[in-house]
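Per-entry structural report
Residue-level listing of the chains:
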Amino acid sequence: MIRHAFASAGARKIALHSSFLDDEKLPEPERVAVLHEIFHRNIRIKQLERLANFMAPIMGGYLPPNVLIYGPSGTGKSVTSLHFLSSLAHICEMQGIAFRYCYVDLTTPRSCFGAFNELAIALDGSVRRYRKGIALEQMQEMIVAALMNATGFLCILIDEADNVTTDADIFLTFLAKTFPKRIPVRVFYVFLTNRLEWEKNLDPRIVSVLKKQDMIFEPYDALDLLEILRLRVEKALDVSRVDEGAIRKIAAYASRETGDARKAVELLSKAVKVAEERSGRLTEEEVDIAEHSIEVDKTEELIRSLALQQRLALQGCYAGLGKHRNRISTGTAFEYYRQVCEAASVRPLTQRRFSDMVSFMDLYGLICARVMSKGRYGKTRELSSSLPVKVIEGLVSNTPIA
Ligand SMILES: Nc1ncnc2c1ncn2[C@@H]1O[C@H](COP(=O)(O)OP(=O)(O)O)[C@@H](O)[C@H]1O
Ligand SMILES: [Mg+2]
């Protein structure tokens, strides 16, 4: 049985190199190696060219400017910068120029201390975490000390630089003013951010010291995404088992939303998993199934993040909808909400507050609320379902009332 299961799973295998499908989970050095294969240079050629122009002074022994890169998420800011800097390091090595770069990952929000911590780890290449409880100044000293004997050029790539949650100014002042003066190596920065307004919230003195150049990454369109996906399919998958139509469909889905390449890649790898479980062929049908299941996952996550009263209200609404052929008034929903609260031993909010919560859920697409006129009896809102059936089943089965 085991052999048979193994053999038939093998026969349906589509992903030949699964690390190429999801580069973001890899540690930085491996990611750079993988990107060498799957990064689509032509689509970001304009940005690469500008980066090359900015950084060219290194070749003559001059310090390049600092660069600030803007762009919505999934437009390839991280991958383009990483790929560029690793190529630059390679060329410098061949030319005998002392250059290195380090990658400071702030993609998860960090306090000022946490940001220094990431910087320290990126610089001395260790995985050792600095102890909590040491002072910021001490931390800064350690960072300076780590570079006391370094020479040549150092580029620090700060990914999602806007993600320093406390005292961002202290972190940036250190980078802009203190750091370059205290170390013998000549340092410059590449900042990446999703937020256009980030710079405006900074201390203008820091901004002026940084003397930076700005660059924008615009969202990908459907054709760009198609090219990115094609390259990846070629490298990562068994091409004979992939329909061109499926790839087009993924590109269309992702570009219809926000042109986010991350979403396109996520959908591709999900669709591959679906296909491997089913027929062993990636067609449009698998893409649809994957799209739907990503949708379900996201909605479930949203529901999990609701506050207690909001979740009870949602459960009340769907308990009512199940009993009234999928259409109820807010008043009826409120009755169900009260029952749910009672069963959960929670005091219900007033109808007015409940009504506010319904508006909130409507806003987030968790329910559909339509205003209906009742003639001279005024107006009411009619609620109907807007969630995938699977999500509703999960929601209602957790509802304490029968
Ligand atoms: N030009 C590209 N070629 C290949 N893959 C890309 C390209 N741009 C983005 N991607 C994919 O999209 C994902 C997100 O890109 P990333 O650079 O991390 O976006 P962000 O702009 O949010 O930093 C990457 O992990 C990569 O898989
Ligand atoms: Mg990024």
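Residues numbered from 1 in each chain as written. Chains lettered and ligands numbered in written order. Predicted model: local features only at pLDDT ≥ 70, side-chain atom pairs only at ≥ 80, totals over all residues. Heavy atoms only, no water.

**Description of the overall build of the protein chain**
Looking only at helices and strands, one finds 16 helices and eight strands in the protein chain. Overall, the protein chain is about 80 × 55 × 45 Å in size when its C-alpha atoms are taken along their principal axes. Split into buried and exposed, the 402 residues of the protein chain put 47% on the buried side. Relative to all contacts within the protein chain whose residues are 6 or more apart in sequence, the contacts with residues 24 or more apart total 70%. Counting 54 positive and 50 negative side-chain charges, the protein chain places the averaged centre of each group 5 Å from the other. (Helix = DSSP H or I, 4+ residues; strand = E, 2+ residues; numbered from the N terminus. Buried < 20%, exposed > 50% of the residue type's maximum accessible area, 1.4 Å probe, protein only. Contact = heavy atoms within 4.5 Å. Lys, Arg positive; Asp, Glu negative; His and termini not counted. Charge placed at Lys NZ, Arg CZ, Asp CG, Glu CD.)

**Here we look at the site of ligand 1**
Residues in contact with ligand 1 amount to 20 residues; listed here are only the nearest, Asp-23, Gly-74, Lys-77, Ser-78 and Tyr-220. Between ligand 1 and Gly-74 there is a distance of 2.8 Å, counted from an oxygen atom to a backbone nitrogen or oxygen. Within the backbone of Gly-76, a nitrogen or oxygen atom sits 3.2 Å from an oxygen atom of ligand 1. Here ligand 1, which alone exposes 560 Å², has 99% of that area covered by the protein. When residues of the shell around ligand 1 are traced back to their parent elements, those giving at least two are α2 (28-38), α4 (77-95), α9 (222-236) and α11 (261-277). Both domain 1 (63-216) and domain 2 (229-302) contribute no fewer than three residues apiece to the shell around ligand 1. (Near = heavy atom within 4 Å. Polar contact = N/O pair within 3.5 Å; in protein donor to acceptor, adjacent residues only side chain to side chain. Areas by Shrake-Rupley, 256 points an atom, 1.4 Å probe, with all protein chains shown as cover. Domains from an automatic or database assignment.)

**Description of helix α14 (residues 330-343)**
Look at α14: 20 Å from first C-alpha to last across 14 residues, which is about the 20 Å you get at 1.5 Å a residue. For α14, the set of buried residues is Thr-330, Ala-333, Phe-334, Tyr-336, Tyr-337, Val-340 and Cys-341. Viewed along the axis of α14, the buried residues span an arc of 165°, placing them on a single side of the element. On its buried side, α14 packs onto α13 (308-323), β6 (328-329), α15 (351-363) and β8 (379-385). The positive-phi residue at the C-terminal boundary of α14 is Ser-345, with phi of around 55°. (Expected span 1.5 Å × (residues − 1). Arc of directions from axis to C-beta.)

**Observations regarding the domain arrangement of the protein chain**
Taken as a whole, the protein chain is organised into domain 1 (63-216), domain 2 (229-302) and domain 3 (307-397). Put simply, the middle of domain 1 and the middle of domain 3, counted by C-alpha atoms, are 48 Å apart.

**Let's talk about the pattern of salt bridges**
Considering all chains together, one arrives at 28 salt bridges under this definition. Here Glu-118 and Arg-110 are joined by a salt bridge, their closest N and O atoms 3.2 Å apart. Taking the relative accessible area as the measure of exposure, Glu-118 reaches 11% and is therefore buried. Relative accessible area serves as the criterion here: at 26%, Arg-110 is assigned to the partly exposed category. Glu-284 is paired through a salt bridge with Lys-249; the nearest N and O atoms lie 3.6 Å apart. Linking Glu-284 in helix α12 (residues 284-304) with Lys-249 in helix α10 (residues 244-257), this pair joins segments that are 35 residues apart in sequence. (Salt bridge = Lys/Arg side-chain N within 4 Å of Asp/Glu carboxyl O.)

**A few points about α12**
In this model α12 runs 30 Å from its N-terminal to its C-terminal C-alpha over 21 residues, within 8% of the 30 Å that 1.5 Å per residue would give. Taken residue by residue, α12 has Glu-286, Val-287, Ala-290, Glu-291, Ile-294, Val-296, Thr-299 and Ile-303 as its buried positions. On its buried face, α12 sits against α10, α11, α13 and α16 (389-397).

**Details of unusual backbone geometry**
For Lys-211, which is not glycine, the phi torsion reads 45° and is therefore positive. Of the residues examined, Lys-211 reaches a relative accessible area of 65% and is grouped as exposed. Even without being glycine, Asn-326 reaches a positive phi, approximately 70°. Within the secondary structure layout, Asn-326 lies in the loop between α13 and β6. Asn-326 gets classed as partly exposed once you look at its relative accessible area, which sits at 36%.

**What about the packing of α13 against α16?**
It is at 9 Å that the axes of α13 and α16 come closest, and there the two elements cross at 105°. Of the possible angle classes, the one that applies to α13 and α16 is roughly perpendicular. For the pair α13 and α16, the contacting residues are Leu-314, Gln-315 and Tyr-318 in the first and Ile-392, Leu-395 and Val-396 in the second. Of the residues belonging to the contact of α13 with α16, the class tally is five nonpolar, one polar and no charged. (Axes fitted to C-alpha atoms, helices over the stretch in contact; angles between N-to-C directions. Parallel < 35°, antiparallel > 145°, perpendicular 65-115°, else oblique. Nonpolar A, V, L, I, M, F, W, Y, C, P; charged D, E, K, R; others polar.)

**So, the sheet that holds β6**
With antiparallel pairing, three strands are arranged side by side in an open sheet as β6-β8-β7. Both outer strands of the open sheet, β6 and β7 (367-373), are each paired with one neighbouring strand and no more. Inspection of the sheet shows β6 paired to β8 by two bridges, in the antiparallel sense. In the strand pairing of β8, Ser-329 is matched with Glu-382. Where α13 meets the sheet, it contacts β6, β7 and β8, and its direction lies at approximately 80° from that of β8. (Pairing = 2+ DSSP bridges.)

**Brief notes about the side chain of Thr-75**
Following the sequence through the fold, Thr-75 ends up in the loop between β1 (66-70) and α4. Thr-75 sits in the buried class, given a relative accessible area of 1%. A distance of 2.7 Å separates a polar side-chain atom of Thr-75 from the backbone oxygen of Pro-72. The contact partners of Thr-75, leaving out residues within four places of it in the chain, are Arg-44, Phe-217, Glu-218, Pro-219 and Tyr-220.

**Thoughts on the side chain of Arg-31**
Mapped onto the elements of the fold, Arg-31 is located in helix α2. Judged by relative accessible area, which is 8%, Arg-31 ranks as buried. Ignoring any residue separated from it by four or fewer positions in sequence, one finds Arg-31 in contact with Asp-23, Glu-24, Leu-26, Ser-78, Val-79, Leu-82 and Tyr-103.

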